[in-house]
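Listed below are the residues making up each chain.
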Amino acid sequence: MVQYVIRGPDGRSRVFDAAGPVPAPSLLLRLSSATGVPDTALSLRGAGGRPLHAALRAGAGAPVFLSARLSSGLRGGKGGFGAELRRQGKGSTGRRTADFGSCRDLHGRRLRHVNDEVKLRMWRA
């Protein structure tokens, strides 16, 4: 007999008994009926947060500890900062800037401040 201890998305742990290794989808169905959350919105994760899809193996009498998380239906991200810059660049194709003072150098300092330091050193000398 194998015991599966699953921490649900609500934070409560539930114990499911089985005669042997159980496929992850059938455990999700059991958890879904216990919590009322649709099984399509749940995903099982094992040690290290890795998602489980195959049959779960257990040692001799040792319980298997799992966690269930709510998973959203969207895959991938919304785009990065480059997508934002490309979108903004389409509207301002005719204008070019001559003032780079608000830009930053590789050290993270504003170019306006760096140029002011250079001018101050030249004035002191």
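Details of the structure are given in the entry above.
Below you will find a few notes about this structure. (Residues numbered from 1 in each chain as written. Predicted model: local features only at pLDDT ≥ 70, side-chain atom pairs only at ≥ 80, totals over all residues. Heavy atoms only, no water.)

## Overview of the side chain of serine 32
Position of serine 32 among the secondary structure elements: in helix α1 (residues 24–35). Classification of serine 32 by relative accessible area gives buried; the value is 14%. (Helix = DSSP H or I, 4+ residues; strand = E, 2+ residues; numbered from the N terminus. Buried < 20%, exposed > 50% of the residue type's maximum accessible area, 1.4 Å probe, protein only.)

## Examining the nonpolar core
Ranked by internal contacts, the top residues of the largest apolar core, which has 15 residues, are Tyr4, Ile6, Phe16, Leu27, Leu31, Leu44 and Leu66. The dominant element in this core, judged by the number of residues it contributes, is α1, at four residues. (Core = buried A, V, L, I, M, F, W, Y, C linked by side-chain atoms within 4.5 Å.)

## Some remarks on the pairing of strand β1 (residues 2–7)
Pairing analysis gives six bridges linking β1 to strand β2 (residues 13–18), with the strands arranged antiparallel. Bridge pairing links arginine 7 to serine 13 in β2. Hairpin geometry of β1 and β2 is characterised by an intervening segment of five residues between the two adjacent antiparallel strands and by a positive phi of about 95° at glycine 11. (Pairing = 2+ DSSP bridges.)

## Some points on the side chain of arginine 14
Within the fold, arginine 14 resides in strand β2. Once residues lying within four places of it in the same chain are set aside, the contact partners of arginine 14 are Tyr4, Val5, Ile6, Gly8, Leu31, Ala34 and Thr35. (Contact = heavy atoms within 4.5 Å.)

## Structural notes on α1
For α1, built from twelve residues, the straight-helix expectation of 16 Å at 1.5 Å per residue is met to within 8% by its first-to-last C-alpha distance of 16 Å. Among the residues of α1, those classed as buried are Ala24, Leu27, Leu28, Leu31 and Ser32. In a view along the axis of α1, the buried residues occupy a sector of 140°, so they form one face of it. Structural note: α1 exposes Leu29 and Ser33 on the side pointing more than 90 degrees away from its buried face. Phi turns positive, to about 85°, at glycine 36, one or two residues after α1. (Expected span 1.5 Å × (residues − 1). Arc of directions from axis to C-beta.)

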